[in-house]
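# Structural overview
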Amino acid sequence: NGFEIHDILEYKFLAADYEVELEIEKPDGKTGKKRIECAYEDLGIVFKEELLSKPESCRNKCIFCFIDQLPPNMRETVYFKDDDTRLSFLQGNYVTLTNMTDEDIDRLIALRVSPINISVHTTNPELTKFMFGNRFAGGILDTMRKLAENKIFMNCQIVLCPGINDGLELERTISDMSSLYPYVESVSAVPVGVTAYREGLYRLDTYDESGSRAVIEQVEALQRKFLDTLGTRLVYLADEFYINAGMEIPDSETYEGFPQIENGVGLIASMREEVLNAIPMIPDDIEKRTVSIATGEIAYDFIRGICAMIEEKNKNIKINVYAVKNKFFGGAVSVTGLVCGCDLIETLISENVHGDVLISSSMLRYEDDVFLDDMTVCEVEEKAGVRLIPTDNDGYVFVEHVIGKELEF
């Protein structure tokens, strides 16, 4: 349409029209123009580089950065810290906005890039500079106000670090973001992840039972307040807080459509509801069947609980559930999505597991069959002597894989 395209956002913005004019350079160097009536449909062009340029790297040195805590000798791409707003819009990645100029923000507004997923952590300017390790990072709330004024929607994330940005600081942060509602659509609070590889890094504690309970009580009080004043709970807690506190995870209605489920917020509530709905559909004519499931330590009790209900519905089904201890990251990491191939092999061999083994697809690289330690599904299968069945975090699909046949809706 007469504009030179620099990246994927400009392409998507300019191509979203009823009719598009392309200028095409042919192999002989000559150019010609072609007018296409696409009726707002995608043009079907696939780019060798998804973003049309290299992704923006992070300029911060956050005190809680998980990538800084990775073991050595992993594949090189794992250590790349992206902080690219294009990936926020296209893939749901969280960005800090700290590597963007005023002109960059104006361009986002002009292109109507919405929603954007933003890592906020705190709205206290001085605390932001400290947590981000970046003396230029204190203006994030002003940037968010500008986006809200221009009707750009945002989903925000807070990584909570005990004694640093919780308590009164958390109250301030959530209060500031609630003032930008409805353009701040949702806020998630997740506990900091700590591995054994923190030598030379800022000392961080993790949330124990009492600390988790305190966060839950504080956030649930804010949810009740916002439900009265805004008509939404606005802020949601990661499942880990409830598990660490030994408390029941709220019902699915509490998560209001699960706006932060990709961030591990409400994942158990969603899956629990789907499994409960799927269990009555399990047919009676299933032949005797034994299946194994390997999961992270933190999800073990939940998985064991829903499996017991499936076994109760049909006595021909026997399910063995195994918790995989994450030695790769040093033993303190217990979430299922960070289970690596080497630890999975050790667990399966030590437990003498054979046959089909269900694992969560979250253990694998997006749209790939590679674990975080660069082991493939085939390698794990060969070394452990099993057949892995990657399963999405969907209760209906989970039940189908367990019973070995499709449900009839």
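Let me begin by describing the structure that accompanies this report. Being a predicted model, the structure only gives us computed values, none of them experimental.

### What about the sheet that holds strand β4 (residues 154–160)?
Read across the open sheet, the four strands follow the order β3-β4-β5-β6; overall the sheet is parallel. Unpaired on one side and paired on the other, β3 (116–119) and β6 (235–237) mark the two borders of the sheet. Put simply, the sheet's adjacent strands are angled 20° from each other on average, direction ignored. Across seven bridges, the pairing between β4 and strand β5 (residues 184–191) is parallel. The residue of β5 that forms the bridge with Cys-156 is Val-187. Strands in contact with helix α6 (residues 168–178) are β4, β5 and β6; relative to β4, the strand with the most contacts, it is inclined by about 180°.

### Some details on the packing of aromatic side chains
The geometry of an aromatic ring pair is captured by the separation of the ring centres together with the interplanar angle, meaning the angle of the planes. Counted under the stated rule, the structure contains nine aromatic pairs. Measuring from centroid to centroid gives 5.3 Å for Tyr-207 and Phe-241, while their planes differ by 70°, and the two rings are edge-to-face. With Tyr-207 in the loop between β5 and α7 (209–229) and Phe-241 in helix α8 (residues 239–245), this pair connects stretches of sequence that are 34 residues apart. We note that Tyr-207, like Phe-241, is buried. Aromatic side chains Tyr-255 and Phe-258 sit 5.6 Å apart centroid to centroid with 10° between the ring planes, which places their arrangement in the stacked category. According to the relative accessible area criterion, Phe-258 is buried, its value standing at 16%. Among the aromatic residues, those joined into a cluster by ring pairs are Phe-66, Phe-328 and Phe-329.

### A few points about unusual backbone geometry
Most peptide bonds take the trans configuration, and most residues that are not glycine carry a negative phi. Backbone torsion omega between Ser-114 and Pro-115 reads 0°, so that peptide bond is classified as cis. Tracing the sequence through the fold places Pro-115 in the loop between α3 (102–110) and β3. With an omega dihedral of 15°, the bond running from Tyr-181 to Pro-182 counts as a cis peptide bond. As for its position among the elements, Pro-182 is in the loop between α6 and β5. Even without a glycine there, the phi angle at Lys-151 is positive, about 60°. Checked against the element boundaries, Lys-151 lands in the loop between α5 (140–149) and β4. Judged by relative accessible area, Lys-151 falls into the exposed class, the value being 52%.

### Section: the sheet that holds strand β9 (residues 355–360)
Neighbouring strands of a sheet are bound in pairs by backbone hydrogen bonds; such pairs are parallel or else antiparallel. The sheet built from four strands is open, its strands ordered β8-β7-β9-β10 with parallel pairing. A strand with exactly one partner marks an edge of an open sheet, and here the two such strands are β8 (317–324) and β10 (386–391). Between one strand axis and the next, the sheet turns by 30° as a mean value, whatever way the strands run. Examined bridge by bridge, strand β7 (residues 289–296) and β8 share eight bridges and lie parallel to one another. Note on β8: the bridge partner recorded for Arg-289 is Ile-317. Contacts from helix α10 (residues 300–313) reach β7 and β8 within the one sheet, and its direction differs from that of β8 by about 180°. Contacts from helix α11 (residues 341–350) reach β7, β8, β9 and β10 within the one sheet, and its direction differs from that of β8 by about 130°.

### Some points on the packing of α11 against helix α12 (residues 377–384)
Contact geometry of α11 with α12 gives a least axis separation of 9 Å together with a crossing angle of 25°. As far as their axial angle goes, α12 and α11 are roughly parallel. As α11 runs across α12, the sense of the crossing is right-handed. Contacts between α11 and α12 involve Gly-341, Leu-344, Ile-345, Leu-348 and Ile-349 from the former and Val-380, Lys-383 and Ala-384 from the latter. Each residue belonging to the contact of α11 with α12 can be placed in one class, and the counts come to six nonpolar, one polar and one charged.

### Regarding the packing of α3 against α5
Two quantities define a packed helix pair, namely the angle between the helix axes and the distance between the axes. As a packed pair, α3 and α5 sit with axes 10 Å apart at the nearest point and diverge in direction by 25°. Between α3 and α5, the angle is such that the two are roughly parallel. Where α3 crosses over α5, the two elements pack in a sense that is right-handed. Here Asp-102, Ile-105, Asp-106 and Ile-109 of α3 come into contact with α5, specifically with Thr-143, Lys-146 and Leu-147. Residue composition of the contact of α3 with α5, by class: three nonpolar, one polar and three charged.

Thresholds applied
- Residues numbered from 1 in each chain as written.
- Predicted model: local features only at pLDDT ≥ 70, side-chain atom pairs only at ≥ 80, totals over all residues.
- Heavy atoms only, no water.
- Pairing = 2+ DSSP bridges.
- Helix = DSSP H or I, 4+ residues; strand = E, 2+ residues; numbered from the N terminus.
- Axes fitted to C-alpha atoms, helices over the stretch in contact; angles between N-to-C directions.
- Contact = heavy atoms within 4.5 Å.
- Phe/Tyr/Trp six-rings, centres within 6.5 Å; stacked < 30°, edge-to-face > 60°.
- Buried < 20%, exposed > 50% of the residue type's maximum accessible area, 1.4 Å probe, protein only.
- Parallel < 35°, antiparallel > 145°, perpendicular 65-115°, else oblique.
- Left-handed = near helix turned anticlockwise from the far one by under 90°.
- Nonpolar A, V, L, I, M, F, W, Y, C, P; charged D, E, K, R; others polar.

As far as function goes, none of this settles anything; it's purely spatial.
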